[in-house]
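Observations on chain architecture
Each chain is listed here by its residues.
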Amino acid sequence: MKSKNKFIVFEGIDGCGKSTLCSLLYDFIKSKNIPVQLLCEPTNGKYGQMIRKILQDKTSISVEEQIHLFIEDRKEDYKLNIRPCIENGITIVMDRYFYSNAAYQGCSKISPIEIIERNLNQGFPIPDRVYYIDIDPQAAMKRITARSGSGKTELFEKKTFLEGVRKNFLSMTDRHFLKIDGSLSVDEISNIIKDDYLKLN
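Quick summary incoming for the structure in this document. (Residues numbered from 1 in each chain as written. Predicted model: local features only at pLDDT ≥ 70, side-chain atom pairs only at ≥ 80, totals over all residues. Heavy atoms only, no water.)

**Observations regarding the overall build of the protein**
Basically, it comes down to this: Strands here are runs of E lasting at least two residues and helices are runs of H or I lasting at least four, both read from the DSSP assignment and numbered beginning at the N terminus. C-alpha atoms define the radius of gyration, and 2.2 Å times the number of residues to the power 0.38 defines the globule rule. For this analysis, residues touch if any pair of their heavy atoms sits within 4.5 Å. For the area figures, the Shrake-Rupley method with a 1.4 Å probe applies, and any residue is considered shielded solely by the protein chains shown. Note that His is not counted, nor are the chain ends; the positive residues are Lys and Arg, and the negative ones are Asp and Glu. The atoms used to mark charge sites are NZ of Lys, CZ of Arg, CG of Asp and CD of Glu.
A count of helical and extended segments in the protein gives eight helices and five strands. Start at the N end of the protein and walk to the C end: the helices and strands fall as β-α-β-α-α-β-α-α-β-α-α-β-α. Its C-alpha atoms give the protein a radius of gyration of 16 Å, near enough to 17 Å, the size a compact globule of 201 residues would have. Oriented by its inertia axes, the alpha-carbon framework of the protein measures out at about 50 × 35 × 30 Å. Here the contacts in the protein between residues at least 6 apart in sequence split such that 78% fall between residues at least 24 apart. If you sum the accessible surface of the protein, you get close to 10200 Å²; carbon and sulfur atoms cover 50% of it. Put simply, the protein has 30 plus and 27 minus side-chain charges, and the middle of one group is 1 Å from the middle of the other.

**Overview of the packing of aromatic side chains**
The way to describe two aromatic rings as a pair is by their centre distance and the angle between their planes. For clarity, the cut-off: Note on aromatic pairs: the rings of Phe, Tyr and Trp (six-membered ring only in Trp) are paired at centre separations within 6.5 Å, and the planes decide the class, stacked below 30 degrees, edge-to-face beyond 60, tilted for the rest.
Taken as a whole and judged by the stated rule, the model has eleven aromatic pairs. Taking 5.2 Å as the distance between ring centres and 35° as the angle between the ring planes, the aromatic pair formed by Tyr132 and Phe169 counts as tilted. Taken as a pair, Tyr132 in strand 4 (residues 129–134) and Phe169 in helix 7 (residues 159–172) lie far apart in primary sequence, 37 residues in all. Pairwise contacts between aromatic rings join Phe7, Tyr97, Phe98, Tyr99 and Phe177 into one cluster.

**Quick word on the pattern of salt bridges**
Quick reminder of the rule: Basic side-chain nitrogens of Lys or Arg form a salt bridge, by our definition, when they fall within 4 Å of a carboxyl oxygen of Asp or Glu. Using a 1.4 Å probe on the protein chains alone, a residue whose accessible area is under 20% of its type maximum counts as buried, one over 50% counts as exposed, and one in between counts as partly exposed.
In the structure shown here, the tally under the stated rule is eleven salt bridges. For Arg96, the salt bridge identified is with Asp14, shortest N-O distance 3.9 Å. Taken together, the residues span a long stretch of sequence, with Arg96 in the loop between strand 3 (91–95) and helix 4 (98–105) and Asp14 in the loop between strand 1 (7–11) and helix 1 (18–31) at a distance of 82 residues. An identical accessibility class is assigned to Arg96 and Asp14; each is buried. In this structure, the salt-bridge partner of Arg74 is Glu41, at a minimum N-O distance of 2.7 Å. With a gap of 33 residues between them, Arg74 in helix 3 (residues 63–87) and Glu41 in the loop between strand 2 (36–40) and helix 2 (46–57) connect regions that are remote in the sequence. In terms of burial, Arg74 and Glu41 fall into one category: buried.

**Observations regarding the nonpolar core**
Filter applied, for reference: By nonpolar core we mean a set of buried residues, namely Ala, Val, Leu, Ile, Met, Phe, Trp, Tyr and Cys, connected to one another through side-chain atoms within 4.5 Å.
Core analysis: the largest hydrophobic core is formed by 49 residues, its most contacted members being Phe10, Leu25, Tyr97, Tyr99, Phe169 and Ile193. Counting residues per element, this core draws most heavily on helix 1, which supplies six residues. When sequence neighbours within four positions are dropped, the list of residues in contact with Ile193 reads Phe10, Leu21, Leu25, Tyr131, Ile133 and Ile180. Membership of the second largest hydrophobic core comes to six residues, among which are Tyr47, Ile51, Leu69 and Phe70.

**Digging into the sheet that holds strand 1**
Counted only if it meets this: When DSSP finds at least two bridges between two strands, those strands are taken to pair. Throughout, an axis means a line fitted to C-alpha atoms (over the contacting stretch in the case of helices), and angles, computed between N-to-C directions, take values from 0 to 180 degrees.
Pairing in this open sheet of five strands is parallel, and the strands run 2-3-1-4-5 from one edge to the other. A single partner strand is all that each edge strand has here, and the edge strands are strand 2 and strand 5 (177–181). Direction aside, neighbouring strands of the sheet carry axes that sit 20° apart on average. Strand direction decides the pairing type here: strand 4 and strand 5, joined by five bridges, are parallel. Bridge pairing in strand 5 places Ile133 opposite Ile180. Where helix 1 meets the sheet, its contacts fall on strand 1, strand 2, strand 3 and strand 4, and the angle it forms with strand 3 comes to roughly 165°.

**Some details on unusual backbone geometry**
Cis geometry is adopted by the peptide bond preceding Pro42, which originates at Glu41 and carries an omega value of 0°. By the secondary structure assignment, Pro42 is in the loop between strand 2 and helix 2. For Asn33, which is not a glycine, the phi torsion comes out positive at approximately 60°. Within the secondary structure layout, Asn33 lies in the loop between helix 1 and strand 2. Its relative accessible area of 72% is what places Asn33 among the exposed residues. In this structure, Arg96 is a non-glycine residue whose phi angle is positive, near 75°.

In structure tokens form, the structure reads like this:
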């Protein structure tokens, strides 16, 4: 199977199931003997670890500081992973990108559009496809609390906040996005994504 390398991103609110779907597409592409790299943000780099600690500990920092950390983490990711993959013809399957940055930090006085512009000004590439897994925030919260077992949640895992995040995601969908009903089964969604991926080539 001949294929041009693609930059594919999965997006959605917490609890939408995108990480599982991201891994399934990665495995599918790999099974086709296509060079592929699985990435995620926040990364495991210096800034990514700082972000994860803030989310887990629910540390209060300003939105500007949050945006700064995400962009610095993305700069490292672009230099070390994204750009080398693009330059070497390796397909990227990525769990979250700057759209999450815009959707989450855009629930403030800074608009999602401005946050996207800040990212584009850094030279970060636009993906070939964004799979947006759309789910009702109440259903997402049930999944989150069930997943954690103890009912413990992270900084952004609140129903009212996720409602705003979902609204932001929906406002930024463009021709690169494929919106998918997150209430469908994992197999149903995975098949929709695989079919669409094959049409991208």
